[in-house]
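# Fold and contact review
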Amino acid sequence: MCAPVVVSYTLYFTDYRPESTHYGDLIPIVKVLGSGINQSDNTILRMKDLHGKWVLVTVDSGQCDEACKEKLYFMRQVRLTQGKEKHRIERLWLINDNVGPDNELIKQYEDTYFVSAKDSEILRYIETQETQTKHIYLIDPIGNLMMRFPEDVDGTKMGHDLKRLLHVSQIEH
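These remarks concern the structure in this document. Sequence order sets the numbering: in each chain, residues are counted from 1 along the sequence as written. Given that the model is predicted, a residue must reach a pLDDT of at least 70 before its local features are reported, and side-chain atom pairs must reach 80 or more before they are shown or counted; all residues, however, enter totals for whole chains, interfaces and linings. Excluding hydrogens and water, the side-chain figures rest on all heavy atoms present in the structure.

### Describing the sheet that holds strand β2 (residues 35-38)
- Only strands joined by at least two bridges in the DSSP assignment are considered to pair. Under the DSSP-based scheme used, a helix requires at least four consecutive residues in state H or I and a strand at least two consecutive residues in state E, with every element numbered from the N terminus. The strand order β1-β8-β7-β4-β5-β6-β2-β3 describes an open sheet built from eight strands, whose pairing is mixed. Two strands bound the open sheet, and with one partner strand each, they are β1 (25-31) and β3 (43-46). Between one strand axis and the next, the sheet turns through 35° on average, direction left out of account.
- Judged from the four bridges that link them, strand β4 (residues 54-60) and strand β7 (residues 136-139) form a sheet pairing that is antiparallel. Note on β7: the bridge partner recorded for Leu56 is Leu138.
- The contact criterion used throughout is that any non-hydrogen atoms of two residues lie within 4.5 Å. Working convention: axes come from line fits to C-alpha atoms, limited for helices to the stretch in contact. Angles between N-to-C directions cover 0 to 180 degrees. Against the sheet, helix α2 (residues 66-80) engages β4, β5 (89-95) and β7, with an angle of about 170° to β4.

Here's what the structure looks like:
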């Protein structure tokens, strides 16, 4: 299972076409472990429960300011634009405080995991506290944090990166 992901990274990031570039930034690959409380049904979500899927991740306060809402919007739209491949992508909002998200926001972004992670070890794997709320991150199907998208994200370019990764990835779940 590990070999296809390595091959996927190699194909994606060393594509032989000179005009080929990627939009997201590769970050040091780190296995994300831990768990948190899923706000929508009050169950425990373990990061290993998401293995087999590509996971778009955002970290924000449960108060969710405009930048937070914009990231949730782009995560939803980028997933939708993947068409028949969208089932291979999950969306995860790691809530870094004790504030629960607004019910209207939960409805608007249904099928997103809203996870209380304030005291969870998950947040330790996602860069620094100052940086983690500025980006949308990507976790690969074997649970490795491997990419982050720029602070002022371009959803179209983010979607192209994800489309290419889905195309070259051999992992199906």
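### Section: the packing of aromatic side chains
- Pairing of aromatic side chains here covers Phe, Tyr and the six-membered ring of Trp, requires ring centres within 6.5 Å, and sorts the geometry by plane angle: under 30 degrees stacked, over 60 edge-to-face, intermediate tilted. Enumeration according to the criterion identifies three aromatic pairs in this entry.
- Between Trp93 and Phe114 the ring centres are 5.4 Å apart and the planes differ by 65°, which places this aromatic pair in the edge-to-face class. Placement of the pair is Trp93 in strand β5 and Phe114 in strand β6 (residues 112-116), with a sequence separation of 21 residues.

### Some remarks on the environment of Asp65
- Along the chain, Asp65 turns up in the loop between β4 and α2.
- We call two N or O atoms a polar contact when they sit within 3.5 Å, provided that within protein one can donate a hydrogen and the other can accept it, with sequence-adjacent residues counted only if both atoms are side-chain atoms. Polar contacts involving the side chain of Asp65 include one to the main-chain amide nitrogen of Ala67, which spans 3.2 Å.

### Digging into α2
- In a helix, the anticipated span is given by 1.5 Å times the number of residues less one. Between its first and last C-alpha, α2 extends 21 Å over 15 residues, near the 21 Å set by a 1.5 Å rise per residue.
- The buried label applies to any residue whose accessible area, calculated with a 1.4 Å probe on protein chains only, is under 20% of its type's maximum; exposed applies above 50%, and partly exposed to all values in between. Within α2 the residues assigned to the buried category are Cys68, Lys71, Leu72, Phe74, Met75, Arg76, Val78 and Arg79.
- Elements in contact with the buried residues of α2: β4, β5, α3 (103-108), β7 and α5 (155-168).
- Here α2 starts with a cap whose side-chain oxygen sits 3.2 Å from the backbone nitrogen of Ala67, and that cap is Asp65.

The analysis is restricted to geometry; functional conclusions fall outside its scope.
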